[in-house]
Amino acid sequence: MKAMDFTSILPYVRYARYMKVDNNTVLSDTIPCDNRLFYTVDGAGLVEVNGISYEMTRGDLLLFSAGT
């Protein structure tokens, strides 16, 4: 398998933000109209997609499609 780096996909980033969350942070349910990318800088947490929880730890990257 050929390795790919981030610049190879030439993403268009419409909006980016840094979020600091803790154990009490709960975000509202949303169905995005575009792709979403989450990167864990530090710590750990859970992201729920379609009723399935995914653990995110430092260095993990999650990309999910529009409408998910």
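No experiment lies behind these values; they were computed from the predicted model shown.

Okay, the layout of surface pockets next. It is a probe the size of a water molecule, rolled over the atoms, that shows where empty space is left. Counted as a void, the largest pocket has a volume near 2300 Å³. Lining the largest pocket are 47 residues, with M19, L27, L37, F38 and V47 positioned closest to its centre. Elements represented by at least two residues in the lining of the largest pocket include exactly strand 1 (36-39), strand 2 (44-49), strand 3 (52-57) and strand 4 (61-64). A class-by-class count of the residues in the lining of the largest pocket yields 26 nonpolar, 12 polar and nine charged.

In this structure, D29 sits in the segment before strand 1. Taking the C-alpha atoms as reference points, D29 and V49, 20 residues apart in sequence, are found 9.6 Å from one another.

Once that is clear, we can look at the environment of T57. By the element assignment, T57 lies in strand 3. Owing to a relative accessible area of 30%, T57 belongs among the partly exposed residues under this scheme. Considered as a pair, T57 and Y18 are 39 residues apart in the sequence and their alpha carbons are 16 Å apart.

Glancing now at the side chain of T40. You can see T40 is positioned in the loop between strand 1 and strand 2. Setting aside residues up to four positions removed in sequence, T40 forms contacts with M56, T57, R58, G59 and D60.

This next bit is on the pattern of salt bridges. A side chain with one charge can pair with a side chain of the opposite charge if their charged atoms come near. Applying the stated rule across the entire model yields two salt bridges. For D34, the salt bridge is made with R14, and the minimal N-O distance between the two is 2.0 Å. With a gap of 20 residues between them, D34 in the segment before strand 1 and R14 in the segment before strand 1 connect regions that are remote in the sequence. The exposure class assigned to R14 is exposed, which follows from its relative accessible area of 56%. Note that D34 and R36 form a salt bridge whose closest N and O atoms lie 3.1 Å from each other.

About the cut-offs
Residues numbered from 1 in each chain as written. Predicted model: local features only at pLDDT ≥ 70, side-chain atom pairs only at ≥ 80, totals over all residues. Heavy atoms only, no water. 1 Å grid on protein atoms, 1.4 Å probe; cavity = no way out; pocket = protein on both sides within 12 Å on 5 of 7 lines; lining within 4 Å. Points joined across faces, edges and corners; volume = space filled by probe spheres on them. Helix = DSSP H or I, 4+ residues; strand = E, 2+ residues; numbered from the N terminus. Nonpolar A, V, L, I, M, F, W, Y, C, P; charged D, E, K, R; others polar. Buried < 20%, exposed > 50% of the residue type's maximum accessible area, 1.4 Å probe, protein only. Contact = heavy atoms within 4.5 Å. Salt bridge = Lys/Arg side-chain N within 4 Å of Asp/Glu carboxyl O.

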